[in-house]
Amino acid sequence: MKKITSFVAIVFFALVMSSCGTIFGGKISACQKHKPLAGEPKRQIRPWVLVADIVLAETAIPIIVDFVTGGIYKPCDTPVKPKK
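Here the structure is a predicted model, which is why all the values come from computation and not from measurement.

Thresholds, definitions, all that
- Residues numbered from 1 in each chain as written.
- Predicted model: local features only at pLDDT ≥ 70, side-chain atom pairs only at ≥ 80, totals over all residues.
- Heavy atoms only, no water.
- Helix = DSSP H or I, 4+ residues; strand = E, 2+ residues; numbered from the N terminus.
- Buried < 20%, exposed > 50% of the residue type's maximum accessible area, 1.4 Å probe, protein only.
- Contact = heavy atoms within 4.5 Å.
- Areas by Shrake-Rupley, 256 points an atom, 1.4 Å probe, with all protein chains shown as cover.

Draft legend 1. Layout of the overall build of the chain. From N to C terminus, the chain includes five helices and zero strands. Listing the helices and strands of the chain from first to last along the sequence gives α-α-α-α-α. Residues classed as buried in the chain amount to 25% of the 84 residues present. A fraction of 70% describes how many contacts in the chain between residues 6 or more apart in sequence connect residues 24 or more apart. Entry remark: accessible area of the chain is about 6,500 Å², with carbon and sulfur atoms responsible for 71%.

Draft legend 2. Inspection of the environment of Lys42 at higher detail. Take Lys42: it is sitting in the loop between α3 (30-33) and α4 (47-56). Given the relative accessible area of 77%, Lys42 is considered exposed. Between the C-alpha atoms of Lys42 and Tyr73, which are 31 residues apart in sequence, the distance is 10.0 Å.

Structure (structure tokens):
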């Protein structure tokens, strides 16, 4: 019984302290990581990821992780232009 309780506690804390966009958002494309240059369209945020981060986390760490990794942004259809 202790093993099951410990496993459930570990899984619960891993989900609560993790960032939803990074874990459940799928593969992060290059355009999600790339900061838009002047004249390029802004990246759109996935609302469900932001809401899940706010609801499931007690701190701002998961939101920060999603923004840094790009997991909070919607995947782009346009390819990333190489920097000159």
